[in-house]
Amino acid sequence: MSESVLKLHPGREKSLRRRHAWIFSGAVAELSGNPVPGETVTVVDSSGRFLARAAWSPDSQLVARVWSFDENEAVDDAFFARKIRRAIEFRRFLGYDDPEGGCRLIFSEADELPGLVVDRYGEFLVMQVLSAGVEFHRDRIVRLLAETTGAGGIFERSDVGIRAREGLAGRTGLLYGEQPPNPVIIRENGARYAVDIRHGQKSGFYFDQRLSREVVAQFAAGRSVLNAFSYTGAFAVTALLAGAEHVINVDSSAPALRQAAHNLEMNHIAPDRFENLTADVFETLRKFSAEGRRFDMVILDPPKFIESKRVLMQGSRAYQDIARLGFRLLNPGGLLVNFSCSGLMTPELFQKITADAAVEAGVHGVICRRLEQSPDHPVSLAVPEGFYLKGLVTRID
Ligand code: SAH
């Protein structure tokens, strides 16, 4: 059976020549054939020259995502096995292959598998299927992941909102092997974390903050810390193990804070060294400020405030508000550690917002570290949109 052919408008092949993986609906001149969603199509330029093989995704703005730019490369078992092996080899190169640890094993476009996200928790894998192409090949991907990694179990957490944009319904459950225990325990830099991979946010744990945790550990000794948007308290565990005096975790999610308490206990942190507050961060920052409370480190790791260009201003304002409130809560010599995981927020804009917040708070600060997503969430040179997480460590006078 021959592949359907997707012909692009003149000039619209340029991004593909630079190896970018996305084809927008507006670039398509003509589709010959009748591919089902996720089926592989051949992409050609306006004069019919081969450009790529891609997965057809009619319900998405990105109507096709490239699997391969090589005319001789078929999208078959051998193809997926090669990509999976390469992704694993890269994490080994990073030193993120502790069998009892965890990491992001496959990160979509960065690993040239658009729409496939796989996190490893010890011997268990959590898979997210985020594109029609991955959905189409899901069975063979699961089989090859199992064969290549020797995983004890593979669990699916395809319950995220972006699936809807691909016309895919949510789906969770066991795909292969044994049911993972609840919680799964992983270790990282001498700490242990309990993760609920069935119900936790994302796949259960924020591997993207691994390098940031190392930096927090470096500066934590002797400090009192406010860990806002704490989720399950990974920054708190890190800071306390590194000698922080006391940490207050604040999160609106009670289950996340219950898990945080469990994590702190499991790492033998004395109960008088932490407090877990189920509350709204905006309100808590204001309340603490009104009460004259002060800290030596304030960590702000909020959810994505900017989901689309339409809310860029509004979202930026929210980042600035919490940074201002955070600065106001610092003792002299204190550190603000603030993050944005919105891809639409550039590092330049984030720095400017932080600078404006410092002016509003009446403090002078210098940047002592710039942070970004850990390298198991690499950014492909060809698809820079994969860069999303940025942070600053600012020390005030
Ligand atoms: N710092 C965490 C990850 C934070 S994810 C880590 O390193 O693991 C963002 C968290 O913010 C989620 O746990 C979510 O429950 C919480 N959250 C979102 N909006 C909030 C709000 N207005 N007040 C308090 N917590 C909030």
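Calculation criteria
- Residues numbered from 1 in each chain as written.
- Predicted model: local features only at pLDDT ≥ 70, side-chain atom pairs only at ≥ 80, totals over all residues.
- Heavy atoms only, no water.
- Domains from an automatic or database assignment.
- Contact = heavy atoms within 4.5 Å.
- Buried area = accessible area lost by both parts, 1.4 Å probe.
- Salt bridge = Lys/Arg side-chain N within 4 Å of Asp/Glu carboxyl O.
- Polar contact = N/O pair within 3.5 Å; in protein donor to acceptor, adjacent residues only side chain to side chain.
- Helix = DSSP H or I, 4+ residues; strand = E, 2+ residues; numbered from the N terminus.
- Nonpolar A, V, L, I, M, F, W, Y, C, P; charged D, E, K, R; others polar.
- Phe/Tyr/Trp six-rings, centres within 6.5 Å; stacked < 30°, edge-to-face > 60°.
- Buried < 20%, exposed > 50% of the residue type's maximum accessible area, 1.4 Å probe, protein only.
- Lys NZ or Arg CZ within 6 Å of the ring centre and 35° of its normal.
- Disulfide = S-S within 2.5 Å.
- Pairing = 2+ DSSP bridges.
- Axes fitted to C-alpha atoms, helices over the stretch in contact; angles between N-to-C directions.
- Core = buried A, V, L, I, M, F, W, Y, C linked by side-chain atoms within 4.5 Å.
- Near = heavy atom within 4 Å.
- Areas by Shrake-Rupley, 256 points an atom, 1.4 Å probe, with all protein chains shown as cover.
- Right-handed = clockwise from strand over helix to strand, strands pointing away.

**Student:** Help me understand the domain arrangement of the chain in this model?
**Tutor:** Accessible area lost during the coming together of the parts is what is often quoted as the interface size. By domain assignment, the chain separates into domain 1 (4–68), domain 2 (77–184) and domain 3 (206–396). A straight line from the C-alpha centre of domain 2 to that of domain 3 covers 28 Å. On the side of domain 3, 15 residues touch domain 2, which itself brings 15 residues to the contact. Ranking the residues of domain 2 by area buried against domain 3 places Tyr96, Arg104 and Phe107 at the top, with a combined share of 42%. Scanning the region where domain 2 abuts domain 3 turns up 0 salt bridges. The interface formed by domain 2 and domain 3 contains 2 residue pairs in polar contact (both at pLDDT 80 or more). Mapped by element, the contributors of at least two residues to the side of domain 2 that touches domain 3 are helix H2 (77–94), strand S7 (102–107) and strand S8 (116–121). Considering each element in turn, the side of domain 2 that touches domain 3 owes the most residues, 4 residues, to S7. Here the residues of the side of domain 2 that touches domain 3 are counted per class, giving 8 nonpolar, 2 polar and 5 charged.

**Student:** Got a minute to help me understand the packing of aromatic side chains in this structure?
**Tutor:** Geometrically, a pair of aromatic rings is defined through the distance of the ring centres and the angle of the planes. Inspection of every chain in the model, using the stated rule, returns 16 aromatic pairs. Here the aromatic rings of Tyr319 and Phe350 are separated by 6.2 Å at their centres, their planes lie at 90°, and the arrangement is edge-to-face. Here the residue Tyr319 occupies a position in helix H10 (residues 312–328), and Phe350 occupies one in helix H11 (residues 347–361), the gap between them amounting to 31 residues. For the pair Tyr319 and Phe350, one class covers both residues: buried. Here a set of aromatic residues connected by ring pairs shows up, and it is made of Phe229, Phe282, Phe305, Tyr319 and Phe350. A cation over an aromatic ring shows up here: Arg210 above the ring of Tyr96, its NZ or CZ 3.7 Å from the ring centre. Here the basic side chain of Arg213 rests over the ring of Tyr193, its NZ or CZ set 6.0 Å away from the ring centre.

**Student:** Which parts of the structure should I look at to understand the state of the cysteines?
**Tutor:** Put plainly, a disulfide is one covalent bond tying together the sulfur atoms of two cysteines. Following the criterion strictly, the structure yields 0 disulfides and no others. Cys341 takes part in no disulfide bond, and the closest cysteine sulfur, belonging to Cys103, lies 20 Å away.

**Student:** Quick question: what am I supposed to make of the sheet that holds strand S3 (residues 28–32) here?
**Tutor:** Strand order across the open sheet formed by 6 strands is S2-S6-S5-S4-S1-S3, with mixed pairing between neighbours. Only two strands of the sheet have a single partner each, and these edge strands are strand S2 (22–24) and S3. Taken pair by pair, the neighbouring strands of this sheet meet at an average axis angle of 35°, ignoring direction. Bridge count for strand S1 (residues 4–8) against strand S4 (residues 40–44) is 4 bridges, and the pairing is parallel. Bridge pairing in S4 links Ser4 to Val41.

**Student:** Any chance you could explain the nonpolar core here in plain terms?
**Tutor:** The nonpolar side chains of a soluble globular protein tend to be buried with one another. Core analysis: the largest hydrophobic core is formed by 36 residues, its most contacted members being Tyr121, Ile186, Phe205, Ile299 and Val337. In terms of residues, this core owes the most to one element, helix H7 (residues 234–241), which gives 6 residues. Each of domain 2 (77–184) and domain 3 (206–396) accounts for three or more of the residues forming this core. Beyond its immediate sequence surroundings of up to four residues, Tyr121 is in contact with Gly101, Gly102, Val126, Val184, Ile186, Val195, Ile197, Ser203, Gly204, Phe205 and Phe207.

**Student:** Help me out: how do you make sense of the sheet that holds strand S16 (residues 274–278) in this one?
**Tutor:** Within a sheet, neighbouring strands are paired by backbone hydrogen bonds and run either parallel or antiparallel to one another. Strand order in this open sheet of 7 strands is S16-S15-S14-S17-S18-S20-S19, and the pairing throughout is mixed. Pairing within the sheet leaves two strands with one partner each, and these edge strands are S16 and strand S19 (365–372). Taking each pair of neighbouring strands and ignoring which way they run, the sheet shows an average axis angle of 15°. Of the strand pairs in this sheet, strand S14 (residues 224–228) and strand S17 (residues 295–300) are connected by 4 bridges, and their pairing is parallel. Note on S17: the bridge partner recorded for Ala228 is Leu300.

**Student:** Sorry, what's going on with the site of the ligand here?
**Tutor:** In the region of the ligand, 14 residues are neighbours, and Asp251, Ser252, Asp280, Val281 and Asp301 sit closest. Within the backbone of Phe229, one N or O atom sits 3.1 Å away from a nitrogen atom of the ligand. One of the backbone nitrogen or oxygen atoms of Ser252 is found 3.0 Å away from a nitrogen atom of the ligand. In isolation the ligand offers 590 Å² of accessible surface; the protein chains occlude 89% of this area.

**Student:** I would appreciate a short explanation of the pairing of S16 in the present structure.
**Tutor:** Strand residues, when the strand is regular, have side chains that alternate between the two faces of the sheet. Pairing between strand S15 (residues 246–251) and S16: 5 bridges, direction parallel. Opposite Val250, over in S16, you have Leu277 as the bridge partner. Handedness of the S15-helix H8 (residues 254–266)-S16 crossover: right-handed.

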